[in-house]
Amino acid sequence: MAGNGSNSEFSFGNGPASYGLTKISTNKKGGNGICHDDSATPVKAQTIDELHSLQRKRSAPTTPIKAPTSPGGFANAISEEERHIQQLQSISASLASLTRETGPKVVRGDPATARKPDTPKVAHVVHTQPHFTPTIAVSDSALKFTHVLYNLSPAELYEQAIKYEKGSFITSSGALATLSGAKTGRSPRDKRVVKDDATEAELWWGKGSPNIEMDEHTFLTNRERAVDYLNSLDKVFVNDQFLNWDPENRIKVRIVSARAYHSLFMHNMCIRPTPEELEDFGTPDFTIYNAGQFPCNRYTHYMTSSTSIDINLARREMVILGTQYAGEMKKGLFGVMHYLMPMRGILSLHSGCNMGKDGDVALFFGLSGTGKTTLSTDHNRYLIGDDEHCWSDKGVSNIEGGCYAKCIDLSREKEPDIWNAIKFGTVLENVVFDEHTRDVDYTDKSVTENTRAAYPIEYIPNAKIPCVGPQPKNVILLACDAFGVLPPVSKLNLAQTMYHFISGYTALVAGTEDGVKEPRATFSACFGAAFIMLHPTKYAAMLAEKMQKNGASGWLVNTGWSGGSYGSGSRIKLAYTRKIIDAIHSGSLLNAEYKKTEVFGLEIPTAVEGVPSEILDPVNTWADKNAYKETLLKLADLFKNNFETFTNYKIGKDSRLTEEILAAGPNF
């Protein structure tokens, strides 16, 4: 070792006694005496914080900022900094109390990693309401910052959920497992709509309607409660996204929530804007305030529990209190689309939709257990969507950007597409998993039977992106008839299609009572009564008009029992149902010979390729013909009793169409 100021080396790597160790040298030039490893290029950072900042590259818009192309967009020729300020001002306006002069001070970023409060870009807006005179101009919440986590990516939302939300875990497939709290399903009895002069005349109220009324004052009370709760938090999640893949009729939605789980769920379920679209998003058309972790005030008028899901169509707002179940947001927006789209002459539908390689589109309607998801998912056809659609003069479009699939008893063999879609980015609700391996047990119902997976639609291999298609060729109504008296397939005329569309029939198998199991008829108007806003006959009239205009055919397909009711007969084989659906798609079923059944007056084919002819007429499969006739009349009576709800509603200027629909029902 040299004793002067020149370089000195401890040579462990080059001499004869080398053991493969890295060469380490002490450089005394400049007098710093730093010992360093010169086997690799040193990083540019001088501190660990600088190193962490180098790890994350800043996102930037992919196009120059330009003039807005949609109403409510931001001003043109603005800088990126000004655009961020305008975004924050828009969010501040959304979060503004109705009784204070200004909106909250909002700043972008996670409070755990943000700069000190005096340095970030802050925005708030002066907010005036003509209906109120502010009594308190300043409050504690007005003195604090509300950090906005804006349109975070799935990776960022994973980090937020795992770090801050108890019950959030990464499963072995990469999906995020979450818990929705005490509520593991929707609360239809706690869902309310503001009844004002406009909605009193437009919406469906009364017997059979899903619309439970509330007044404007009660809505504003709950809105204030939700907004105050959200503003009291250190941070809120804000999603700006779209509904409807038809660009001319899409709706801009803003979701303000307190949980990363909710933000990721809506990231998956709504249509995700491109960076260019987000730059020009502007003011939303509809806003959700999800304060589901906070209960409503039971002393507030109309409240019957600690949960309330409130929609104000005039204000274009939805408030959620007392439930963390994410499906309330999805179905709440679906209800809103059931109001907004018909006002534009567009039919909103609770259906699956797929398209053949030749461009033939089919719509699938069906309640739970009818096979809607299974039959609309066909590897030989493109999936446009699995649940919510619009039918306009241009064709069909998916309302959503994702799928919300049931997971109970899920297996790779039965549902390979859903199984493979459960990966990084997917939200798994209320599932049970091994605490060590994180493998999900889809048969476990410990939390709930209503386990769900929410994932982007592009996770399905044969999804059609964008999710739009031409005019439908076939409208398929699915029923799982556990009474065993409906044919496997029937061709419907226009009036019959309207009748069975309004009825929305399927049958569920009741639980065991004294050792006896019996089927139970279930009717849901338009195959989605819980979500429709207008009277069912209005949707049915629009459906008939579009079918007639575009030459679409109507079909009733029974995926239930044959040869007897549940318990004595057997379920129609899925292979036979698929052959029937294939014949509908190909058009060959239109050319078949038909005969008419008794009571329901349904046209049934005498032959379908790949399906035993004897099962096409259900009477042939029953050994006891008297029992068949008795069961057939029982079901017909259930249809008739259900339809009495709709008989007093007149369609059009006279009652002619109403009479045609009634005549299309069972006749006995």
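Just above sits the structure.
Per chain, residue numbering runs from 1 following the sequence as it is written. A pLDDT threshold of at least 70 governs which residues receive local features in this predicted model, and a stricter bar of 80 or more applies before side-chain atom pairs are shown or counted, although totals over entire chains, interfaces and linings include all residues. Side-chain measures were taken over the full set of non-hydrogen atoms in the model, leaving aside hydrogen atoms and water.

Here's the deal with the side chain of Asn 239
Here comes step 1: For Asn 239, the position within the fold is in strand β10 (residues 235–243).
Here comes step 2: Side-chain polar atoms of Asn 239 contact the side chain of Gln 241, separated by 3.0 Å.
Here comes step 3: We call two residues in contact when some of their heavy atoms are within 4.5 Å. For Asn 239, the contacting residues outside a window of four places in its chain are Asn 151, Val 253, Arg 254, Ile 255, Ser 263, Met 266 and His 267. Under the scheme used here, helices are H or I runs from DSSP no shorter than 4 residues and strands are E runs no shorter than 2 residues, and both carry numbers assigned from the N terminus. In the analysis that follows, any N or O atom pair within 3.5 Å is treated as a polar contact, provided that within protein one partner can donate a hydrogen and the other can accept it, and provided that, for residues neighboring in sequence, both atoms belong to side chains.

Things to note about the packing of aromatic side chains
Here comes step 1: In summary, the pairing rule links any two rings of Phe, Tyr or Trp, Trp by its six-membered ring, whose centres are within 6.5 Å, and it sorts them by plane angle into stacked for under 30 degrees, edge-to-face for over 60 and tilted for everything else. Tallying each qualifying case throughout the model produces 20 aromatic pairs.
Here comes step 2: A centroid spacing of 5.4 Å and a plane angle of 40° characterise the contact between Tyr 505 and Phe 523, whose relative ring orientation is tilted. With Tyr 505 in strand β29 (residues 505–509) and Phe 523 in strand β30 (residues 519–523), this pair connects stretches of sequence that are 18 residues apart.
Here comes step 3: Type-normalised accessible area, obtained with a 1.4 Å probe on protein chains alone, sets the label of each residue: buried when under 20%, exposed when over 50%, and partly exposed for intermediate values. Since its relative accessible area comes to 3%, Tyr 505 is described here as buried.
Here comes step 4: Looking at Phe 523, the relative accessible area reads 22%, which means it is partly exposed.
Here comes step 5: Here the aromatic residues Trp 204, Tyr 499, Tyr 505, Phe 523, Phe 600, Phe 639, Phe 643 and Phe 646 are joined through ring pairs into a cluster of three or more.
Here comes step 6: Both a distance and an angle decide whether a charge sits over a ring: NZ of Lys or CZ of Arg must be within 6 Å of the ring centre and within 35 degrees of the ring normal. Lying across the ring of Tyr 164, Lys 235 places its NZ or CZ 3.4 Å from the centre.
Here comes step 7: The aromatic ring of Tyr 382 is capped on one face by Lys 357, whose charged end is 5.6 Å from the ring centroid.

Examining the environment of Asn 620
Here comes step 1: Mapping Asn 620 onto the fold places it in the loop between β35 (603–605) and α15 (625–643).
Here comes step 2: Under the relative-accessibility criterion, Asn 620 is labelled partly exposed at 45%.
Here comes step 3: Counting along the chain gives 58 residues from Asn 620 to Ser 562, while the straight-line C-alpha distance between them is 9.5 Å.
Here comes step 4: Filtering out sequence-adjacent residues up to four positions away, Asn 620 remains in contact with Glu 614 and Lys 625.

Quick look at the pattern of salt bridges
Here comes step 1: When a carboxyl oxygen of Asp or Glu is within 4 Å of a side-chain nitrogen of Lys or Arg, the pair counts as a salt bridge. Taken as a whole and assessed by the stated rule, the structure comprises 20 salt bridges.
Here comes step 2: The salt bridge partner of Lys 331 is Asp 387, with a shortest N-O separation of 2.8 Å. A residue pair is termed long-range when its members are at least 10 positions apart, and Lys 331 in helix α9 (residues 327–340) and Asp 387 in the loop between β18 (382–385) and β19 (388–392) qualify at 56 residues.
Here comes step 3: Lys 331 sits in the buried class, given a relative accessible area of 10%.
Here comes step 4: Residue Asp 387 is classed as buried on the basis of its relative accessible area of 11%.
Here comes step 5: The salt bridge involving Lys 372 is made with Asp 387; its shortest N-O contact spans 3.2 Å. Taken together, the residues span a long stretch of sequence, with Lys 372 in helix α10 (residues 372–376) and Asp 387 in the loop between β18 and β19 at a distance of 15 residues. Like Lys 372, the residue Asp 387 is buried in the burial classification.
Here comes step 6: One connected set of salt bridges, linked through shared partners, spans Lys 330, Lys 331, Lys 372, Asp 387, Glu 388 and Glu 400.

Focus: the sheet that holds β19
Here comes step 1: On the basis of which strands lie adjacent, the open sheet formed by four strands has the order β15-β19-β20-β26 and antiparallel pairing. The open sheet has two edge strands, β15 (347–350) and β26 (468–469), and neither has a second partner.
Here comes step 2: In this structure, β15 lies alongside β19, joined through four bridges in antiparallel fashion. Pairing of Leu 349 across the sheet is with His 389, part of β19. What makes two strands pair is DSSP finding at least two bridges between them.

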